[in-house]
Amino acid sequence: MGNEASYPEEICSHFNSDEIKRLSKKFKKLDLDRSGSLSLEEFLSLPELHQNPLVQRVIDVFDTDGNGEVDFKEFILGASQFSVRGDEEEKLRFAFSIYDIDKDGYISNGELFQVLKLMVGDNLKDWQLQQLVDKTIIVLDRDGDGKISFEEFSAVVRGLDVHKKLVVIV
């Protein structure tokens with residue numbers, strides 16, 4: 001329960017022991033109810049996440065056991081993807097997983113719509129957003145299967161250096 005010593009170092013390959021200790025302190029500080037896991041509300045206590053429309057999606061990606069909360073092991077594994085020592089492939093897979101809601105390895109039209117809706121809110125009418133989604137799928141879907149694979153996603157996103165922006169200093 002939030003004890004960094006209870007997890008083998010291999011699960012935290014991108015963090016050294018000092019970084020794990022700092023992350024443990026941060027985790028314990030966020031764990032307001034001392035349950036040993038972080039809820040959406042506890043994550044939202046971080047001012048830098050409070051206005052982020054994708055917080056729930058990040059939690060969903062971190063929450064590997066699907067119980068709706070992030071325990072310390074999931075926290076370390078999730079945060080590890082943002083380590084300065086994390087590689088480009090890991091960061092791209094994380095970005096892809098934000099959109100791959102059903103975790104089937106593809107971004108469908110509906111999934112892209114849902115995530116973009118979180119990001120644009122009411123700034124676009126649904127029909128406008130759907131047109132954007134449809135055009136995006138047409139442009140990115142090189143094999144014509146109606147959905148975006150990781151390879152298709154990476155081919156576009158890799159050139160944007162997104163992986164260089166997905167970094168947290170611990």
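Just so it is clear, the model here is predicted, and its values are computed rather than measured. (Residues numbered from 1 in each chain as written. Predicted model: local features only at pLDDT ≥ 70, side-chain atom pairs only at ≥ 80, totals over all residues. Heavy atoms only, no water.)

A. Broad picture of unusual backbone geometry. Of note in this structure, Arg34 is not a glycine but carries a positive phi near 55°. Within the secondary structure, Arg34 sits in the loop between helix H1 (17-30) and strand E1 (37-38). In this structure, Lys103 takes a positive phi of about 60° despite not being glycine. Secondary-structure assignment places Lys103 in the loop between helix H6 (88-99) and strand E3 (106-107). The exposure class of Lys103 is exposed, given its relative accessible area of 58%. (Helix = DSSP H or I, 4+ residues; strand = E, 2+ residues; numbered from the N terminus. Buried < 20%, exposed > 50% of the residue type's maximum accessible area, 1.4 Å probe, protein only.)

B. Inspection of the nonpolar core at higher detail. If you look at the biggest cluster of nonpolar residues, it comprises 38 residues, and the most contacted ones within it are Phe75, Tyr99, Leu112 and Phe153. Elements supplying a minimum of two residues to this core: H1, helix H4 (55-62), helix H5 (72-80), H6, helix H7 (109-120), helix H8 (126-140) and helix H9 (150-157). For this core, the leading source of residues is H6, giving six residues. Residue assignment places this core across two domains, with domain 1 (17-81) and domain 2 (88-164) each supplying three or more. (Core = buried A, V, L, I, M, F, W, Y, C linked by side-chain atoms within 4.5 Å. Domains from an automatic or database assignment.)

C. Region of the structure containing the UniProt feature "domain: EF-hand" (unreviewed entry) in the chain. On the UniProt side, "domain: EF-hand" (unreviewed entry) is annotated at positions that read residues 50-85, 87-122 and 128-163 here. Within the segment residues 87-122, helix and strand shares are 67% and 6% respectively, and the terminal C-alpha atoms sit 35 Å apart. (UniProt positions renumbered as here; feature names shortened; annotations may be inferred.)

D. Spotlight on the pattern of salt bridges. If you walk through the whole model with that rule in mind, you get six salt bridges. Of the charged contacts, one joins Arg158 and Glu88 as a salt bridge, the two residues approaching to 3.5 Å between their closest N and O atoms. With Arg158 in the loop between H9 and helix H10 (162-165) and Glu88 in helix H6, the pair connects residues that are 70 residues apart, well separated along the chain. Between Glu89 and Arg93 there is a salt bridge, and its shortest N-O distance comes to 3.5 Å. Taken together, the positions of Glu89 and Arg93, both in helix H6 and four residues apart, correspond to about one turn of that helix. Take Glu89: its relative accessible area is 32%, and that puts it in the partly exposed class. If you follow the salt bridges from partner to partner, you end up with Glu88, Glu89, Arg93 and Arg158 in one network. (Salt bridge = Lys/Arg side-chain N within 4 Å of Asp/Glu carboxyl O.)

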